[in-house]
Amino acid sequence: MAVRPAVVVVGDAALDVVARHSGPIAHGDDTRARISLTMGGAGANTAAWLAFLGCDTTLVSNIGDDPAGAQVRATLTAAGVRCEFTVDREAATGCVVVLVDDSGQRSMLPDRGANARLRTADLDLSGKRHLHLSGYVLLDASSREAGLDALAAARAAGLTTSVDPQAAALIDDPAAFLQWVRGVDLLLPNREELWNLTGSGDARDLLSTVGAVVVTDGPLGASWVSPDGVESVTAPPAPCVDTTGAGDAFDAGLITAWLNGASPRDALLAGVAAGSDAVGRVGAQPSIT
């Protein structure tokens, strides 16, 4: 019987301005688009999917003292996420401009805003079973200490941990990043992030640093690499409307199944199912349709 694992997510919460366009963007001119305002931030996306999939979920993040922050809190609370937010009176709530082409592929222009000022010194992990950290927290020097503190606190409290590197283009010091995540139970890179971290694309190179590596490869599926071997699954055909947050949804599906005792293969299938669900929606969270 499935349990309801208590998971704490540490990461960004933001508003996404999603611009869906057809054809190339006309540089220095106008390009017609369909604009949607949705909830975003990798931490918030994962938290929303975890709650949707049945986890008792808490999100630790920073928001501004502004209408956007109030909207983020209200939407996530309605989705079943417990919001442990610090309200920053000096920085605005994070905002991401998301450009989505007619194949569903996204490009993002993020302004982390208050997320960059995250602190986790008073992180309450009582009653929690797992901590998931968004890599954006580590990739920005201004919030890195908060991410490292959260991982250290989770280990001291006996929680399992996971980290999604989040952005291959921002991993400019792979050796340092691997030191930051040393001892994590699950590292969850996509194929491009794995190449940046290893230089070889071989997830086995990371097993001296983390417990297991789960590699996503878009429509090709995902693999679980551990000292016990490699398990891979393919992704079922799925309509692709918007890839924003698909990796966050995958993380949530995989973590939920893993915490409920699923085998690596079944955990991968659960992750792929959530990611496939996500790409069929506009926006990065299950509450947005």
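For the structure given in this document, a descriptive report is provided here. What you see is a predicted model, and the numbers here were worked out from it, not measured in a lab.

### Here's the deal with the nonpolar core
And then number 1: Counting 42 residues, the largest nonpolar core has Leu59, Leu76, Phe85, Trp224, Leu254 and Leu268 as its most contacted members.
And then number 2: At eight residues, helix α7 (residues 246-259) tops the list of elements feeding residues into this core.
And then number 3: When neighbours within four sequence positions are excluded, leucine 268 is seen to be in contact with Val214, Ala222, Ser223, Trp224, Glu231, Ser232, Val233, Phe250 and Leu254.
And then number 4: Core analysis: the second largest hydrophobic core is formed by 36 residues, Leu131, Leu139, Phe177 and Leu178 among them.

### Topic: the sheet that holds strand β7 (residues 106-111)
And then number 1: On the basis of which strands lie adjacent, the open sheet formed by four strands has the order β3-β2-β6-β7 and mixed pairing. Unpaired on one side and paired on the other, β3 (33-40) and β7 mark the two borders of the sheet. Across the sheet, the mean angle from the axis of one strand to that of its neighbour is 20°, orientation sign disregarded.
And then number 2: Strand direction decides the pairing type here: strand β2 (residues 14-21) and strand β6 (residues 94-100), joined by seven bridges, are parallel. In the strand pairing of β6, alanine 14 is matched with glycine 94.

### Description of the packing of helix α1 (residues 42-52) against α7
And then number 1: Running from N to C, α1 and α7 point in directions that differ by 45°, and their axes come no closer than 8 Å. Classified by the angle between their axes, α1 and α7 sit oblique to one another. For the pair α1 and α7, the sense of crossing is right-handed. Across from Ala42, Asn45, Thr46, Trp49 and Leu50 in α1, the residues of α7 making contact are Asp248, Ala249, Asp251, Ala252, Ile255 and Thr256.

Conventions and cut-offs
- Residues numbered from 1 in each chain as written.
- Predicted model: local features only at pLDDT ≥ 70, side-chain atom pairs only at ≥ 80, totals over all residues.
- Heavy atoms only, no water.
- Core = buried A, V, L, I, M, F, W, Y, C linked by side-chain atoms within 4.5 Å.
- Buried < 20%, exposed > 50% of the residue type's maximum accessible area, 1.4 Å probe, protein only.
- Helix = DSSP H or I, 4+ residues; strand = E, 2+ residues; numbered from the N terminus.
- Contact = heavy atoms within 4.5 Å.
- Pairing = 2+ DSSP bridges.
- Axes fitted to C-alpha atoms, helices over the stretch in contact; angles between N-to-C directions.
- Parallel < 35°, antiparallel > 145°, perpendicular 65-115°, else oblique.
- Left-handed = near helix turned anticlockwise from the far one by under 90°.

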